[in-house]
Amino acid sequence: MLARPFLRRFALALALWTAAFCGSGHARADDLADEADLQFQLGADRYQKGDYQGALEHFLASNRLVPNRNVGFNIARCYEQLQQYPAAFRYYTQALEGEKDPQARGRVEAALEKIKPRVAVLKIVTEPPGATIYIDRRDLGPRGNSPRTLGLPPGRYKVIADMPNYESAESPELEASLGETLVQLRLTPKLEGLTGSLVVNADERGALIEVDGRPRAFTPAIVTVPAGTHRIRISLKGFRTIEQTAQVRPNDETKLDFVLTQAEQVTAASRASETVEEAPSSVSIVRSEEIRGMSYPTIAEALRGVRGVYVSDDRSYVALGYRGLGRLGNYGNRVLVLLDGQPTNDNWIGSSYVGYDARTDLEDIERIEVVRGPGSVLYGTNAFSGVVNLVTRGVEGKTSGEAGAGVSEYGIGRGRVRSNVRLGDDASLWMSVAAGRGNGRDFYFPEYADVPVLAGNARDVDGSKSGTVNGRVTYKALTAMWLLQSRNKWVPTAEYDTLFGDRRFQQVDTRGLLEIRFEPEISRSVQLMSRAHVNYYNFRGQYPLEEGLEKDTFDGSWLGIEQRVVVTPASRVRLTIGGEAQFHYLAHETVDVAGTSYLDEDPTYQIQAGYLLADLPLTRTVRLSAGSRLDHYSTFGSSNNPRVALIVHPYDAGNLKLLAGKAFRAPSIYELSYNDGYNTQKPSPNLRPESIYSGEIEFSHRFSPTVSGTIATYGNLVRDLVVIRGTGTPADPMAGTAEDLYYYENSSAPVLSVGAEVEVRRDWRQGWMLAASYSAQHSRYLRGAGLSDLLGSAHPDFRRVPNAPEHLASLRAGVPILSHALLASTRISIEGPRFDRHDEASDPEPQGETDAAAIWDFVLSGEEARWGLRYAFGIYNVFDWRYSVPVSNEFRQKTIVQNGRTFLATANLTF
């Protein structure tokens, strides 16, 4: 405090008088002076009573009303008494600025010297002086002009100096300890007029151009920069980033042309993001450009023509086959379908859904990852012959909405809406709702030509309706994802010996899931993944029989937890250890025929699993990936499934993969326990899990940044295949016929498939794309599973392996017609013949073979960015090629004809 109260009041009154008569008006100054004087007196009283916090509040209020060096001095004294020394140092410094009175200056300087040892003092000097000083970040506000002395708490700081017509200067991060630290910065004058131009172009529009770490434009662009050396960085999603140094001469142009190379990422092969070349599996990616360009309505349509993959549709469900393994009546349960890494197969049959029973449309899908070969090392059951992972779109840019409509496949109309919400830099939410409905098509089945009136014609019994709710919310490392999908399908084929042409034959599948995932990065070398999920599957089937309406139901619910730790102790070294548990606490199935119950069971079960994976560099060009997973089921026991991959880069453009692994499929609840009171089917409780042993060699070569080729050869040995047998005929004593019900058994004959594939592809560039592939495979039944049997003759009790086309080929292309406004996309897929279900030598029926097929699809698509409009229209199966695929024992038909010529049209608006 000043020496005596009257001196203090006199100094404050003088300051207030000066402010009033040099300020903005007498009345305002008088009011401020009175209030400021009151606040000052209250502060002085509090200070004399030792209430330094209360005094500080009043002195600050007085200083806000009329700033005054003397009041500032008192504020500094309060902070000093409160031991807040950095704040005291700041106010003492302010009190010293502009002070002319030698006595007052001495008093302030003495106070500063007293508290200097208690603060970290930064003495900042710039050349030239007068620069604006910032600490750490500019958005925290300036700290005055240089030379400047700042008092701060001890810690690490960075000093920034800005000055007009000079380049900014920054100090390295420095450790400020108690006492004084000198910081000297030299600012370099800007060389006005000494600039040049960078003319930057790339073979893909919209790539981000960064100059010296600062975003400047998008390709193609002309960027003006100061003369000198600059670091140029070009980046675009889905492509490898390119960096290059450029020398820019004054008043001159420097031209830079970049050719981008695709860097397709896959997560399904290792449950970690990696390039396709580094993945320890054979992988194909269906990119968003192809999905939008061809306007694929379903997963199955998007995968038709992918190397080694083929599609079957029995008008109840669509199923995928991989490399000759597409067993009839399996409902796709040897393929695992994931949604952002979460399995979507049901827990009754293990079915994978790839038609409208999976999603009403693909508008939420960013890409589809297709992984060939055994995947049980990562996912356990159902990842038998391959894995399909649907990667959804996130929220890009600002908050927006979407709406769309479309029609495809015999008039199935679809509508959808989606909301994209940006919740901050680290948080976002998207959710979509879609619905579809269609009447399907009419069929003629000669097998039912004897049915009165209908005479083999199935009309108005092939309709369907579906709905999808999907979404995801993210906040930093936390993600919650949900899906609810339901489809009601009317079935025209009269399978299961139902009444032909009866519209009451319906199957309703509803699948729901909620997953919460937390993936924090503990350190640079340790990352955790904790996952919990809740699942629901509901089936309702109505089957019109002569004795009445049969109603089958299944209600399944299960929850699971998983914990995984990924350790990267060194570059290119990755160790993964994890475990999961699933509790299928509801698996309730019933069968009711005309009011009589034949089945009412709830065979619940549990699964526990642990796995270990290691990715290790052996040399600079050779990497080893190996791992194993042990699954234990309460229904049958345990299954161990290893995988090993050797990935070699013999030269820059080459990539060689040597792959081997094993997978299993657990017998499903349906296969083990379903029966309809022994009318047509009986349970099969003694089934063993299936096993597949796989080996593959794949070599790829990149001819240029845009053109690559791949050649692969493989062999798969399948043991204990679960197959359906019987004709579904109960015993009839009157007719003297024996019982021959449907049932499942493990086949006594292993199946060996060997094949080769070749593919050449030109990556997407500005709408241009070309890909051609050919696959040849041969499958046969073996006498046994020994090494000698692999080269021996076929099993004498079996014919040819059903539904295993020996030849597959495809050609896919995209051509821009009017830049982004109109793109022509086309696909030709060729499939060889397939053998039907009569594969046992004892079967009195001869084994038939379908005809080959060539399906040409053509779509025109485009977008109008100004309106946020995207559209497509086209024709699938332009030639109206009528082709059939074989079906299982539950059908009277041996084959079912597939879709002929169909039309599509879609429109989507973003707003």
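Since this is a predicted model, take the numbers as computed values, not measurements.

Draft legend 1. Structural detail: the overall build of the protein. On a plain count of helices and strands, the protein comes out with eleven helices and 54 strands. Overall size of the protein, expressed as C-alpha extent along the three principal axes, is 130 × 65 × 55 Å. In the protein, buried positions account for 54% of the 911 residues. Pairs at least 24 residues apart make up 61% of the contacts formed inside the protein by residues separated by at least 6 positions. Only carbon and sulfur atoms are counted for the fraction: they give 56% of the accessible area of the protein, which is about 39600 Å². Taken as two groups, the 100 positive and 110 negative side-chain charges of the protein have centres that lie 7 Å from each other.

Draft legend 2. Inspection of the packing of helix H4 (residues 69–81) against helix H5 (residues 85–96) at higher detail. Between H4 and H5, the least distance of the axes is 8 Å, while the angle of their chain directions is 160 degrees. One finds that H4 runs roughly antiparallel with respect to H5. Seen along the crossing, H4 lies across H5 with a hand that is left-handed. Across the interface between the two elements, Arg69, Gly72, Phe73, Ile75, Ala76, Arg77, Tyr79 and Glu80 of H4 pack against Tyr85, Ala87, Ala88, Tyr91, Tyr92, Gln94 and Ala95 of H5. When grouped by side-chain class, the residues that make up the contact of H4 with H5 number ten nonpolar, two polar and three charged.

Draft legend 3. Highlighting the pattern of salt bridges. Inspection of the entire model under this criterion finds 69 salt bridges. The partner of arginine 304 in a salt bridge is aspartate 857, with the nearest N and O atoms 3.1 Å apart. You can see arginine 304 sitting in the loop between helix H8 (299–303) and strand S19 (309–313) and its partner aspartate 857 sitting in strand S50 (residues 853–864), a full 553 residues away along the chain. A single burial state applies to arginine 304 and to aspartate 857, both of which are buried. Across the pair glutamate 363 and arginine 870 runs a salt bridge whose closest N-O atoms are separated by 2.8 Å.

Draft legend 4. Representation of the nonpolar core within the structure. Formed by 64 residues in total, the largest nonpolar core has its most connected members in Tyr296, Ile299, Leu303, Leu320, Trp348, Ile368 and Val388. Every residue in contact with leucine 320, bar those within four places of it in the chain, is listed here: Ala300, Leu303, Val309, Tyr310, Val311, Val335, Val354 and Val388. Judged by nonpolar contacts, the second largest core, of 25 residues, contains Phe59, Ala87, Tyr92 and Ile115.

Draft legend 5. How the structure looks around a nonpolar patch on the surface. A surface patch of nonpolar side chains, amounting to about 890 Å² of accessible area, comprises Tyr475, Leu478, Leu514, Ile516, Phe518, Val534, Leu559, Ile561, Phe583 and Tyr585. Secondary structure elements with two or more residues in the nonpolar patch: strand S32 (506–518), strand S35 (548–567) and strand S36 (574–593). In terms of residues, the nonpolar patch owes the most to one element, S32, which gives three residues. Relative to the helices and strands, tyrosine 475 is located in strand S30 (residues 464–475).

Draft legend 6. Spatial organisation of the packing of aromatic side chains. In total, this model carries 26 aromatic pairs according to the counting rule given. Ring geometry for tyrosine 496 against tyrosine 543: centres 5.5 Å apart, planes inclined by 80 degrees, an arrangement best described as edge-to-face. In this pair, tyrosine 496 is assigned in the loop between strand S31 (478–490) and S32 and tyrosine 543 in strand S34 (residues 526–545), connecting sequence segments 47 residues apart. Each member of the pair, tyrosine 496 as well as tyrosine 543, is classed as buried. Above the plane of the ring of tryptophan 490 lies arginine 503, whose end atom (NZ or CZ) is 4.6 Å from the centre. Directly above the ring of tyrosine 876 sits arginine 827, whose terminal nitrogen or CZ lies 5.9 Å from the centroid.

Draft legend 7. Structural view of the sheet that holds strand S22 (residues 342–343). If you walk across this open sheet you meet the five strands as S18-S23-S24-S21-S22, and the pairing is mixed. The open sheet has two edge strands, strand S18 (282–286) and S22, and neither has a second partner. Sheet analysis places strand S21 (residues 335–339) next to S22, joined by two bridges and oriented antiparallel. Paired with leucine 338 across the two strands is proline 343, which belongs to S22.

Draft legend 8. Examining the packing of helix H3 (residues 52–65) against H4 more closely. Look at H3 against H4: their axes get within 9 Å of each other, and the N-to-C directions meet at 155 degrees. One finds that H3 runs roughly antiparallel with respect to H4. Here the hand of the crossing between H3 and H4 comes out left-handed. On the side of H3, the interface is formed by Tyr52, Ala55, Leu56, Phe59, Leu60, Ser62 and Asn63, while H4 contributes Val71, Gly72, Asn74, Ile75, Cys78, Tyr79 and Gln81. When its residues are assigned to classes, the contact of H3 with H4 shows nine nonpolar, five polar and no charged.

Draft legend 9. Molecular detail of unusual backbone geometry. Residue glutamate 127 is joined to proline 128 through a cis peptide bond whose omega torsion reads 0 degrees. Of note, the amide linkage connecting serine 146 to proline 147 takes the cis form, showing an omega dihedral of -5 degrees. By the element assignment, proline 147 lies in the loop between strand S2 (132–135) and strand S3 (148–152). Of note in this structure, aspartate 136 is not a glycine but carries a positive phi near 70 degrees. Using a relative accessible area of 29% as the deciding quantity, one classes aspartate 136 as partly exposed. In this model, aspartate 880 sits at a positive phi of 55 degrees, which is unusual for a non-glycine residue.

Reading the values: the criteria
- Residues numbered from 1 in each chain as written.
- Predicted model: local features only at pLDDT ≥ 70, side-chain atom pairs only at ≥ 80, totals over all residues.
- Heavy atoms only, no water.
- Helix = DSSP H or I, 4+ residues; strand = E, 2+ residues; numbered from the N terminus.
- Buried < 20%, exposed > 50% of the residue type's maximum accessible area, 1.4 Å probe, protein only.
- Contact = heavy atoms within 4.5 Å.
- Areas by Shrake-Rupley, 256 points an atom, 1.4 Å probe, with all protein chains shown as cover.
- Lys, Arg positive; Asp, Glu negative; His and termini not counted.
- Charge placed at Lys NZ, Arg CZ, Asp CG, Glu CD.
- Axes fitted to C-alpha atoms, helices over the stretch in contact; angles between N-to-C directions.
- Parallel < 35°, antiparallel > 145°, perpendicular 65-115°, else oblique.
- Left-handed = near helix turned anticlockwise from the far one by under 90°.
- Nonpolar A, V, L, I, M, F, W, Y, C, P; charged D, E, K, R; others polar.
- Salt bridge = Lys/Arg side-chain N within 4 Å of Asp/Glu carboxyl O.
- Core = buried A, V, L, I, M, F, W, Y, C linked by side-chain atoms within 4.5 Å.
- Patch = residues over 30% accessible without salt bridge, like charges linked within 9 Å, V, L, I, M, F, W, Y side chains within 5 Å.
- Phe/Tyr/Trp six-rings, centres within 6.5 Å; stacked < 30°, edge-to-face > 60°.
- Lys NZ or Arg CZ within 6 Å of the ring centre and 35° of its normal.
- Pairing = 2+ DSSP bridges.

None of this, on its own, says anything about what the molecule does.
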